[in-house]
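Residue-level listing of the chains:
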Amino acid sequence: MTYNVSEKIISSHLVEGEMQSQSLIGIRIDQTLTQDATGTLAYLQFEAMGVSNVKTELSVSYVDHNTLQTSFENADDHVYLQSVAKKYGLVFSRPGNGICHQLHLERFGIPGKTLLGSDSHTPTGGGIGMISMGAGGLDVALAMAGEPFYLKMPNIVEVCLDGQLSEWTSAKDVILELLRRLSVKGGVNKIFEFTGKGIEGLSVPERATITNMGTELGATTSVFPSDKITKKFMKSEGRGNQWQRIEADKGAEYSDTISIDLDKLEPMIAKPHMPDNVVKISEIEGTKVSQVAIGSCTNSSYKDLALVSEVLKGKTVHPNVSLVVSPGSKQVLSMIVKDGHLKNIVDAGGRILECTCGPCIGMGQAPTSEGTSLRTFNRNFKGRSGTKDADIYLVSPEVAVAAALYGVITDPRKLGKYPKVEMPEKFEINDNMFIFPTESGKDVEVIRGPNIKPVPRNESLKDPLSGSVLLKTGDNITTDDIMPAGAKILPLRSNIPKISEYTFERIDKDFPSRAKAKGGGFIIGGSNYGQGSSREHAAIAPMFLGVKAVIAKSFARIHHANLVNFGIVPLTFSDEKDYDRIDFGDELVIEIGDFSNIICNNTTKKESYKLNKNLLGRDLELLKAGGALNYVYNKMRR
Ligand code: MIC
Ligand code: SF4
């Protein structure tokens, strides 16, 4: 039997099912991570499971999203998370330590292991040879309780990289090129596995930039082999002993192969308002820029910031541009402090932010009205920056820094001599901002601020489901559309009744009051409904408002799982033309039966449509119980 890298890792963790494309598998999870904005719900649900300790090899609770403490809520969440970590045996990463994905790569990622994270960019770990996936908080809580993670066995697609990146072109351009070719739907139920000579020129953080943004392709995850480059990185992080080689067997098979010639790749840019709206930088040079933001889990490694510093050295940021820089971790920040790179950035006029997600999730640094912001981030959905009419572009650090100096979108190749930055032989290691678990946490008291409320539960499934169409959307609705983030709403993440008042706030302000007045109902969606974040709030809040089912052309993977976890039935049209026949306000009666013949009766139009489910065995049990929490309780009671 020959295996590729993905199959090697999956097969060694398989506890249920067979590795047959698109069939349900359960895999053992070695490591979990959470961040604060999704973590509080994950731990509230974990607490409710009544387990005394986490059952994984390692579970880390990071604080990196909600650090703008405009009131007490975020700080209370941090204290809650710290007390939970102590009680249940998790590592706690204190606020200021860095962004979860960057930190996990530096300090904890191990080739060949599985990692499940309550954040959609968990595939960053694929850069170090892990199968690492994003999931809703409840799935992560279940993994912490020792349960397998269930998913559809993805198709494994080979991405063969040939040649070498030219100067001023970088790893970000590789993933932007893939987005250009495949679109934000191109990776659904796929793993992208990178091969070819070209990967030898990419360091682990560069590989991680690519796997991080595989999320924007809708992929289950992306992965690089664990080779001599991986070994070197782990050694430089003082973890050489945790390295093992994991490479595809000769003759390993893939469902498809995509080739990219790195020699021919040029600097790219994703235009507003989708990560796949990608063109060559040369096509849109000259557009005025008001803000440049460097950082996020995609591009905030030492090498990224050292390059930016080398370019800025002795120069001044253009007078019409605000340059903000957020280092990915304390390690990165402390190293650029020590070797003078930070001085170059500060002297040039860069505004230094905390080592957190910051502007990426709309926590400050909103651009000017009608502003143009170039960001090294991974998402440019409309409104996510905090300024509704701003244009957000996604770029590499090279393109970002060129715009910061020229004040307009500029091909970085115009900057002249390329400052070649090498990866450090040794990273500075100081784990003092991690709190490691010690003695038994039995007597530790969990501290809950007044904004931390219990997670509401759904009722068991009713048949038929009836109600009216509360909202009809187009394609590619993001979880940012369903449940926005940003400085105003993020602090309410631990309080579902409160946060639900902001459901669909950017597209339909009246949605919550309408849903309540009607006693719930249905949402009609286009294709790729729920793309983007793993936030389960985008499922729980609609559930809390009475949404019973979402009928769409297709769903994004994590959101689909979150809907099932909270007992909202995700359904698709058997004939996509029926999407056009249903209107806002129509009254629907959906007959579920045994899920084999689902009929939607539109009593307003007096017609019926056949609906499909994309649900596998266990999903049906969860839905019947009214969600995973009910299912787990029922199981425990039995
Ligand atoms: C994001 O990038 O949208 C987030 C914030 O990291 C989310 C998680 C969340 O909503 O808290 C994600 O990508 O999963
Ligand atoms: Fe944080 Fe942005 Fe990365 Fe999400 S995408 S984890 S908000 S840096």
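This is a predicted model, so every value here is computed, not measured.

Before going further, it helps to examine the site of ligand 2. In the vicinity of ligand 2, the residues found are His 65, His 101, Asp 119, His 121, Ser 296, Cys 297, Cys 357, Cys 360, Ile 361, Asn 378 and Arg 384. Grouping the amino acids of the shell around ligand 2 by side-chain chemistry returns 4 nonpolar, 5 polar and 2 charged.

A few words now on the environment of Glu 47. Along the chain, Glu 47 turns up in helix α2 (residues 36-48). Taking relative accessible area as the criterion, Glu 47 reaches 17% and is therefore assigned buried. Placed 399 residues apart in sequence, Glu 47 and Val 446 show a C-alpha to C-alpha distance of 9.8 Å. What Glu 47 contacts, discounting residues up to four positions off in sequence, is Tyr 80, Tyr 88, Val 446 and Arg 448.

Moving on to the sheet that holds strand β25 (residues 587-591). Consider a sheet: its strands pair through backbone hydrogen bonds, and that pairing is either parallel or antiparallel. The mixed closed barrel is built from 7 strands, whose spatial order is β21-β22-β23-β24-β27-β26-β25. On average, each strand axis in the sheet is tilted by 35 degrees relative to the strand beside it, whichever way the strands run. Summarising the sheet, strand β21 (residues 465-472) and β25 pair through 4 bridges and their orientation is antiparallel. Across the sheet, the residue bridging to Ser 468 is Glu 587, located in β25.

Spatially, 6 strands are ordered β7-β6-β3-β4-β5-β20 in an open sheet, and the strand pairing comes out mixed. Edge positions in the open sheet fall to β7 (131-134) and β20 (434-435), since each of these has one partner strand only. Of the strand pairs in this sheet, strand β4 (residues 58-62) and strand β5 (residues 91-93) are connected by 3 bridges, and their pairing is parallel. Note that in β5 the partner of Val 60 across the bridge is Val 91. Packed onto the sheet, α2 meets β3 (31-35) and β4 and runs at close to 115 degrees relative to β3.

A few words on the packing of α2 against helix α3 (residues 72-88). Close contact between α2 and α3 brings their axes to 10 Å; oriented N to C, the two are set at 45 degrees. It follows that α2 is oblique to α3 by the angle criterion. When the axes of α2 and α3 are compared, the crossing they make is left-handed. Contact residues: Asp 36, Gly 39, Thr 40, Tyr 43, Leu 44, Phe 46 and Glu 47 in α2; Asp 77, His 78, Tyr 80, Leu 81, Val 84 and Tyr 88 in α3. Classifying every residue of the contact of α2 with α3 by side-chain character gives 7 nonpolar, 3 polar and 3 charged.

Turning next to the environment of Leu 151. Tracing the backbone through its elements, the reader meets Leu 151 in strand β8 (residues 149-152). Residue Leu 151 is classed as buried on the basis of its relative accessible area of 8%. Remark: the alpha-carbon pair of Leu 151 and Asn 189, spanning 38 residues in sequence, is separated by 9.2 Å. When sequence neighbours within four positions are dropped, the list of residues in contact with Leu 151 reads Ser 23, Leu 24, Ile 25, Ile 27, Met 133 and Thr 220.

Cut-offs applied
Residues numbered from 1 in each chain as written. Chains lettered and ligands numbered in written order. Predicted model: local features only at pLDDT ≥ 70, side-chain atom pairs only at ≥ 80, totals over all residues. Heavy atoms only, no water. Near = heavy atom within 4 Å. Nonpolar A, V, L, I, M, F, W, Y, C, P; charged D, E, K, R; others polar. Helix = DSSP H or I, 4+ residues; strand = E, 2+ residues; numbered from the N terminus. Buried < 20%, exposed > 50% of the residue type's maximum accessible area, 1.4 Å probe, protein only. Contact = heavy atoms within 4.5 Å. Pairing = 2+ DSSP bridges. Axes fitted to C-alpha atoms, helices over the stretch in contact; angles between N-to-C directions. Parallel < 35°, antiparallel > 145°, perpendicular 65-115°, else oblique. Left-handed = near helix turned anticlockwise from the far one by under 90°.

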